[in-house]
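What follows is the residue order along each chain.
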Amino acid sequence: MGKVFVCDHPLIQHKLTYIRDELTTTKDFRELVDEVSTLMAYEITRDIPLETIQVKTPVAITDSKVISGRMLGLIPILRAGLGMVDGILRLVPAAKVGHIGLYRDPETLEPVEYYVKLPTDVLERELIVIDPMLATGGSANAAITALKSRGCTQMKLMCLIAAPEGIHAVQQMHPDVDIYVAAIDNYLNDHGYIIPGLGDAGDRLFGTK
Ligand SMILES: O=P(O)(O)OC[C@H]1O[C@H](OP(=O)(O)OP(=O)(O)O)[C@H](O)[C@@H]1O
Ligand SMILES: O=c1cc[nH]c(=O)[nH]1
Ligand SMILES: [Mg+2]
């Protein structure tokens, strides 16, 4: 079963409070999501493998470490996942970005796919699927399934806020995928919104409501 990591660094938790606050403006919401994404990227890249090379300092030659192994790919789930991309790229600027467009049908809560565009070398990359909200888990599961159906094997899921229902759903369908979140909230309401959550992440990021 996939592990769940809660990124409980005080800076992340502090900023998440203002992300939740309904009085936070679109501009501030966008900036805070960006900042938290950078901080979470620090945690999610903790297990990137290193290799030793030699470096010549002004006074000596020494062994020193550099990142080795697989390259990264970021896969935001549109729209809301876009809000987290730049914050992660700040730490891993060589990562490539693929997009999966999904929206949740408001009646059935089932994800509807409308766009997929992936880097040509996606199969060689370790992927981070990005979405601020993991509610029923339908969208994350559909995105991961879309990647696996194209041959991708290595991926993590990164969300700001998860409902227990969403975590359970991903663990059931994709037990090989570890999940990184800033918070696990209480439950889903009748409309599939995370409680207490932050409302509709896409609308708050883009000012569409
Ligand atoms: O776990 P789930 O129940 O699938 O819900 C989570 C999904 O819902 C939201 O997307 P939404 O449908 O609002 O699309 P948007 O990002 O375009 O606003 C959110 O960004 C996730 O993608
Ligand atoms: O609470 C929720 C649930 C799904 N999507 C959101 O943006 N927010
Ligand atoms: Mg939305």
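Refer to the structure presented above.
Note that the structure is a prediction, hence the values are computed from the model and not measured. (Residues numbered from 1 in each chain as written. Chains lettered and ligands numbered in written order. Predicted model: local features only at pLDDT ≥ 70, side-chain atom pairs only at ≥ 80, totals over all residues. Heavy atoms only, no water.)

(A) Spatial organisation of the site of ligand 1. R104, D131, T136, G137 and S139 are the nearest of the 15 residues found near ligand 1. A distance of 2.7 Å is found between an oxygen atom of ligand 1 and a side-chain nitrogen or oxygen belonging to R104. Burial of ligand 1 by the protein amounts to 91% of the accessible area it has alone, namely 500 Å². Put simply, the parts of the chain that give the shell around ligand 1 at least two residues each are β6 (99-104), β9 (133-134) and α4 (138-149). Taken together, the residues that form the shell around ligand 1 break down as six nonpolar, five polar and four charged. (Near = heavy atom within 4 Å. Polar contact = N/O pair within 3.5 Å; in protein donor to acceptor, adjacent residues only side chain to side chain. Areas by Shrake-Rupley, 256 points an atom, 1.4 Å probe, with all protein chains shown as cover. Helix = DSSP H or I, 4+ residues; strand = E, 2+ residues; numbered from the N terminus. Nonpolar A, V, L, I, M, F, W, Y, C, P; charged D, E, K, R; others polar.)

(B) Structural context of unusual backbone geometry. In this structure, the amide linkage connecting L78 to the following residue, R79, adopts the cis form with an omega of -5 degrees. With respect to the element layout, R79 can be found in the loop between β4 (71-78) and α3 (85-89). Residue P196 is bonded to the preceding I195 through a cis peptide linkage, with omega at 5 degrees. Its location among the elements puts P196 in the loop between β13 (194-195) and α6 (201-206). One non-glycine residue, L109, lies in the positive phi region at around 65 degrees.

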